Every structure is written in structure tokens, then in C-alpha cells.
Amino acid sequence: MDEIFSQIKIFFEQNPAYSYLLFTLVFLIYGIGNFMNKDWATNPANSTQKLNYETFGHNAFRFGRGLLFILGAIAGIFGFLWSIE
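Being a predicted model, the structure only gives us computed values, none of them experimental.

Draft legend 1. Spatial organisation of the side chain of R65. Looking at the secondary structure, you find R65 in helix α5 (residues 58–83). Buried R65, no salt bridge; nearest opposite-charge side chain is D39, N-O distance 10 Å. Apart from the residues lying within four places of it in its own chain, the contact partners of R65 are N34, A41, T42, N43, P44 and Q49.

Here is the structure:
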């Protein structure tokens with residue numbers, strides 16, 4: 001298992017632009033999870049998120065957080081396109 005992680009580390013050190021695609025994939029998965037109302041994506045993680053959840057309600061919190069994740073995915077795509085040679 002350590003060999004696989006070291007190969008992944010070497011790949012990302014040789015090709016740093018692809019780390020943007022990895023971040024894009026993670027943000028996109030969480031964004032879609034928020035819009036589809038999955039529990040693993042919509043549960044508040046800390047006290048600030050719990051306050052926002054209680055203040056704005058479930059649907060507004062879910063939509064706002066999903067929108068932020070989708071914007072992060074778009075930024076990751078632009079970062080990848082900007083960094084490729």
C-alpha cells in the first residue's frame with residue numbers, strides 16, 4: 001500500500017496540474033451530494049455550520065453549500081486549464 005501511495009505522490013510531483021483535477025472531482029462529488037440531499041454531504045461539520053443550518057434552514061443551507069462546492073469545482077477546472085503546458 002505504501003508503494004501505491006508513493007507512486008501517486010511521485011505522479012502528482014511530476015504533474016502538478018492534475019492535482020487541480022483531483023480537487024475538482026472532490027468538490028464536484030460534494031456539490032452533487034448536496035444538491036441530491038445526501039446525508040453524508042449535507043450534515044453540518046462544526047458549530048459554525050450548525051449555526052448557519054439553524055439560521056437559514058435545511059434547504060437554504062444545502063443549496064448555499066452546494067453552490068460553493070460547484071464554484072470550487074469550476075475554479076479547479078480553470079486552475080487546471082491555466083496550469084497545463
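The discussion continues.
Draft legend 2. Just the environment of F12, in detail. Relative to the helices and strands, F12 resides in helix α1 (residues 2–14). Residues F12 and K38, spaced 26 residues apart in sequence, show a C-alpha to C-alpha distance of 30 Å. Ignoring anything within four residues of it in the chain, the contact list for F12 reads Y18, S19 and L22.

Draft legend 3. Looking closely at unusual backbone geometry. Even without being a glycine, N37 presents a positive backbone phi close to 60°. By the element assignment, N37 lies in the loop between α2 (18–35) and α3 (39–42). Look at N37 and you get partly exposed, because its relative accessible area is 37%.

Draft legend 4. Representation of the environment of I84. Tracing the chain through its elements places I84 in the segment after α5. Take I84: its relative accessible area is 42%, and that puts it in the partly exposed class. Counting along the chain gives 67 residues from I84 to A17, while the straight-line C-alpha distance between them is 6.0 Å.

Draft legend 5. Layout of helix α4 (residues 47–56). Along α4, only 0 of the 10 residues are buried, which leaves the element largely exposed. The N-terminus of α4 is capped by N46, whose side-chain oxygen sits 3.3 Å from the backbone nitrogen of T48. One or two steps after α4, the chain reaches G57, where phi turns positive at roughly 95°.

Draft legend 6. Geometry of a nonpolar patch on the surface. On the surface, F35, F63, L67, L68, L71, I74, I77, F78, L81 and I84 cluster together to form a nonpolar patch covering roughly 970 Å² of accessible area. Here the nonpolar patch gets 8 residues from one element, more than from any other, and that element is α5. When you line up the elements, L68 lands in helix α5.

Conventions we followed
Residues numbered from 1 in each chain as written. Predicted model: local features only at pLDDT ≥ 70, side-chain atom pairs only at ≥ 80, totals over all residues. Heavy atoms only, no water. Helix = DSSP H or I, 4+ residues; strand = E, 2+ residues; numbered from the N terminus. Buried < 20%, exposed > 50% of the residue type's maximum accessible area, 1.4 Å probe, protein only. Lys, Arg positive; Asp, Glu negative; His and termini not counted. Salt bridge = Lys/Arg side-chain N within 4 Å of Asp/Glu carboxyl O. Contact = heavy atoms within 4.5 Å. Polar contact = N/O pair within 3.5 Å; in protein donor to acceptor, adjacent residues only side chain to side chain. Patch = residues over 30% accessible without salt bridge, like charges linked within 9 Å, V, L, I, M, F, W, Y side chains within 5 Å. Areas by Shrake-Rupley, 256 points an atom, 1.4 Å probe, with all protein chains shown as cover.

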